[in-house]
Structures are given as C-alpha cells and as structure tokens.
Amino acid sequence: MNESRGTAIHVSGLTVAYGNNLALDNVRLDVEIGDYMGIIGPNGGGKSTLLKAVMGLTDIMSGEITIMGKSLREGRNLIGYVPQSTEFDRSFPIDVLEVVLTGMLPIGLKPFRRYSEEEIRQAHYLLGSVGIEHLARNHISALSGGEFQKMLIARALAAKPKILLLDEPTASVDASSRAQIYDLLDELNKEVTIILVTHDLLAISSRVRRLACLNNRLIYHGEPELNEDVVTNLYGCPVDLIAHGVPHRVLKEHGGEDGCSC
Ligand code: ADP
C-alpha cells in the first residue's frame with residue numbers, strides 16, 4: 001500500500017450528457033491515494049464516461065474534478081489509462097514495443113518520432129514487468145487477448161503514472177491470463193492508485209479494496225460488499241442473476257449506514 005495519504009481523485013457534481021442522453025448525473029466520488037477501487041454497473045451506466053471525464057477526454061456539463069489536488073489540466077499527466085481493447089484497430093501496422101513507446105509521448109506529440117536508447121530500454125523493461133518481453137517485436141495482431149491487455153498496461157505505465165485507470169482489462173481474456181493481470185494489479189497497487197472498471201464480480205469479491213456502483217447516478221460507494229437492495233437497484237434485475245457462482249462476500253448482508261446512497 002502506498003505510504004502517502006490524501007485524495008488521488010475528487011469528483012463532485014459531475015454531470016455529462018451526450019445530446020439529451022444523461023450519461024452521468026451529479027456524480028460524487030473520492031478515491032484515496034493508494035486505493036484500489038472497482039467500478040461496476042450495467043452497460044450504458046456511465047463507467048467509461050467517468051474514466052474519460054477524469055482523463056479530460058470528454059466534455060462535462062457541470063462538476064469539478066481534481067487529480068492529486070491539481071486541476072484536470074495540470075493533473076491528467078499523473079494518470080495512466082488502459083482503454084477497452086475494442087477501441088484498437090489490431091490491423092494497424094505497429095509492433096508491441098512501439099505501442100509501449102507511444103505511452104512515453106507527452107500529450108499532443110505524434111507517434112513514430114525517434115526514441116532514445118534509454119526509452120527503448122525502458123519499454124523492454126516494462127514489457128518484462130508485465131511478462132511479455134519476448135513478444136516485443138511481434139505485430140499486435142499476433143497477440144492473444146491477455147497479451148494485448150498486458151501490452152496496454154505496459155503502455156499506460158510508460159508515463160510513470162501515479163494513478164492507473166483500467167476499463168474492463170479482463171474482457172476477452174482467458175482465465176489464466178485474467179489471474180495474471182489481477183496479480184499484476186495487486187503488485188502495481190503497492191505504488192499506484194488503481195481504478196478498475198469491470199464486469200468481473202470475482203475481482204470485486206477478492207481483489208479491490210473499495211467499490212463504486214454506477215448506473216448514471218452513483219448507487220453505492222464503500223466496502224466491496226453488496227446487499228441485495230443495492231444490486232437490484234444497480235442492475236434492475238434479481239440478485240440471483242448477478243450472484244451466480246460468485247463468492248458470497250460480494251453479497252454479504254449489512255445495514256444501511258455504510259455508504260449506500262440509493
Ligand atoms: P458504460 O461504460 O457503463 O457501458 P458508457 O459511459 O459507455 O457506459 O455510456 C453511458 C451512456 O452514454 C450510454 O447511454 C452510451 O450510449 C452513451 N455514450 C457513451 N459514449 C458516447 C458517445 N461518444 N456519443 C454518444 N453517446 C455516448
């Protein structure tokens with residue numbers, strides 16, 4: 001756990017709309033330095049929009065976002081972002097090492113500049129730290145789902161972030177790679193604050209320290225344990241559908257004074 005104290009990300013009154021479609025409605029969320037927060041919610045619940053807002057990648061209607069006490073503009077370079085892998089064109093002519101190197105570019109610079117020996121050495125090191133250094137010169141189309149995610153994590157780490165945002169990093173990933181990615185995130189969390197958007201309730205039950213439930217509004221924010229009311233409110237469907245096969249810690253019964261804001 002990170003020794004430092006304080007707020008890594010502060011979001012208050014955040015409202016984001018696409019035309020008439022309200023993606024985020026008056027969301028308030030604080031993430032402490034060193035935290036490992038999971039964000040769950042139904043499709044269309046605004047999870048990706050929240051990450052993009054925190055990255056300054058989407059227009060906001062109202063609200064305040066600060067990163068390590070700095071404004072969004074000053075603080076965004078403290079964030080590493082692992083977007084959904086579906087956002088990538090895998091036929092793009094680039095190899096694994098080059099993708100990681102693009103993570104070292106200051107915002108606004110274009111890829112394919114000349115990299116220094118030190119940057120190339122660092123990119124190899126990062127690939128080693130996520131376990132795929134042997135794939136450095138492979139074209140990205142040759143990677144499995146798990147290898148692709150590890151490459152994206154290495155790219156996000158290239159800018160030496162203090163905060164790592166990950167948008168469904170275990171979607172389309174086999175079980176063994178999924179466990180490796182969670183082990184990697186546990187290790188990274190010793191140094192870096194992590195926010196993980198996921199549909200994987202196993203991760204919620206066994207990995208994250210805090211949980212936020214988002215269905216355009218923030219439904220719940222607190223310990224990674226949910227009661228039936230919160231889950232039903234969040235997904236609008238019976239708990240059994242959600243809980244099947246998931247350790248009971250996720251659905252532990254508890255009273256209403258623990259952060260439930262529904
Ligand atoms: P989630 O990540 O929880 O699935 P999103 O943040 O992707 O949710 O989407 C929230 C809402 O905003 C959805 O209704 C979605 O259709 C809409 N939305 C997201 N991105 C865009 C966009 N670029 N243009 C228009 N609508 C969008």
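Quantities reported herein were computed from a predicted structural model and do not represent experimental measurements.

The rules we used
Residues numbered from 1 in each chain as written. Predicted model: local features only at pLDDT ≥ 70, side-chain atom pairs only at ≥ 80, totals over all residues. Heavy atoms only, no water. Helix = DSSP H or I, 4+ residues; strand = E, 2+ residues; numbered from the N terminus. Buried < 20%, exposed > 50% of the residue type's maximum accessible area, 1.4 Å probe, protein only. Contact = heavy atoms within 4.5 Å. Areas by Shrake-Rupley, 256 points an atom, 1.4 Å probe, with all protein chains shown as cover. Pairing = 2+ DSSP bridges. Axes fitted to C-alpha atoms, helices over the stretch in contact; angles between N-to-C directions. Near = heavy atom within 4 Å. Polar contact = N/O pair within 3.5 Å; in protein donor to acceptor, adjacent residues only side chain to side chain. Nonpolar A, V, L, I, M, F, W, Y, C, P; charged D, E, K, R; others polar. Salt bridge = Lys/Arg side-chain N within 4 Å of Asp/Glu carboxyl O. Arc of directions from axis to C-beta. Lys, Arg positive; Asp, Glu negative; His and termini not counted. Core = buried A, V, L, I, M, F, W, Y, C linked by side-chain atoms within 4.5 Å.

Chemist: Please clarify how the overall build of the protein should be interpreted in this entry.
Modeler: A count of helical and extended segments in the protein gives 9 helices and 10 strands. Here the protein, with 262 residues, has 50% of them falling under the buried criterion. By sequence separation, contacts in the protein at least 24 residues apart represent 68% of the contacts at least 6 residues apart. For the protein, the computed accessible surface area is about 12,600 Å², with 50% contributed by carbon and sulfur atoms.

Chemist: Help me understand unusual backbone geometry in this model?
Modeler: Notably, Met68 is not glycine yet its phi reads approximately 50°, a positive angle. Structurally, Met68 is set in the loop between strand S4 (62-67) and strand S5 (70-71). The exposure class of Met68 is partly exposed, given its relative accessible area of 24%. Within the chain, Asn216 stands out as a residue other than glycine whose phi angle is a positive 70°. Within the secondary structure, Asn216 is located in the loop between strand S9 (210-215) and strand S10 (217-222). For Asn216, a relative accessible area of 22% corresponds to the partly exposed category.

Chemist: Looking at this structure, how should I read the sheet that holds S4?
Modeler: Strands in a sheet are paired, the pairing made by backbone hydrogen bonds, and the direction either parallel or antiparallel. Reading across the sheet, the 4 strands line up as S2-S1-S4-S5 and stay open at both edges, with antiparallel pairing between neighbours. Across the chains shown, the open sheet's two edge strands, defined by having one partner strand only, are strand S2 (21-32) and S5. Here strand S1 (residues 7-18) runs beside S4; their pairing, made up of 5 bridges, is antiparallel. Each residue of the ladder has a partner; that of His10, found in S4, is Thr66. Packing against the sheet, helix H1 (residues 47-54) makes contact with S1, S2 and S4, and its axis sits at approximately 120° to S1.

Chemist: How should the site of the ligand be read in this particular structure?
Modeler: Every residue close to the ligand is listed here: Tyr18, Asn21, Ala23, Pro42, Asn43, Gly44, Gly45, Gly46, Lys47, Ser48 and Thr49. Between the ligand and Gly46 there is a distance of 3.0 Å, counted from an oxygen atom to a backbone nitrogen or oxygen. Thr49 places a polar side-chain atom, nitrogen or oxygen, 2.5 Å from an oxygen atom of the ligand. Here the ligand, which alone exposes 560 Å², has 58% of that area covered by the protein. The set of elements that each furnish at least two residues to the shell around the ligand consists of S2 and H1. It is H1 that provides the largest number of residues to the shell around the ligand, a total of 3 residues. Within the shell around the ligand, the residues separate by chemical class into 3 nonpolar, 7 polar and 1 charged.

Chemist: Teacher, can you tell me more about the pattern of salt bridges here?
Modeler: Two side chains with opposite charge may pair up if their charged atoms get near one another. The final tally for this structure, using the stated rule, is 9 salt bridges. Here Arg28 makes a salt bridge to Asp30, at a shortest N to O gap of 3.4 Å. Residue Asp30 is classed as partly exposed on the basis of its relative accessible area, which comes to 22%. Between Arg137 and Asp95 there is a salt bridge, with its nearest N and O atoms 2.5 Å apart.

Chemist: Mind showing me how you'd approach helix H8 (residues 228-235) here?
Modeler: Side chains of residues three or four places apart in an α-helix project in the same direction, reflecting 3.6 residues per turn. Those residues of H8 lying buried are Val230, Val231 and Leu234. Down the axis of H8, the buried side of the element spans an arc of 95°, and every buried residue falls inside it.

Chemist: Just to check I follow, could you spell out the side chain of Asp167 for this structure?
Modeler: As for its position among the elements, Asp167 is in strand S7 (residues 163-167). Of the buried charged residues, Asp167 lacks a salt bridge, with Lys52 as the closest side chain of opposite charge at 6.1 Å. Engagement of the side chain of Asp167 in a polar contact is seen with the side chain of Ser48, the distance being 2.7 Å. Looking at Asp167, its side chain comes within polar contact range of the side chain of Gln84, at 3.2 Å.

Chemist: Please clarify how the sheet that holds S9 should be interpreted in this entry.
Modeler: Here 6 strands make up an open sheet; going across it, the order is S6-S7-S8-S3-S9-S10 and the pairing mixed. Edge positions in the sheet fall to strand S6 (79-82) and S10, since each has one partner strand and no second. Strand-to-strand twist in this sheet, taken as the mean axis angle between neighbours without regard to direction, amounts to 15°. Docked against the sheet, H1 engages strand S3 (36-40), S6, S7, strand S8 (193-197) and S9, running at close to 150° with respect to S7. Sitting on the sheet, helix H6 (residues 175-188) is in contact with S3, S7 and S8, with an inclination near 150° to S8.

Chemist: In this structure, what is going on with the nonpolar core? I would like to understand it.
Modeler: Soluble globular proteins tend to pack their nonpolar side chains together in the buried interior. Among the nonpolar cores identified, the biggest contains 49 residues, and Met151, Ile153, Leu164, Leu185 and Leu196 are the most heavily contacted of them. Counting residues per element, this core draws most heavily on helix H5 (residues 145-157), which supplies 7 residues.

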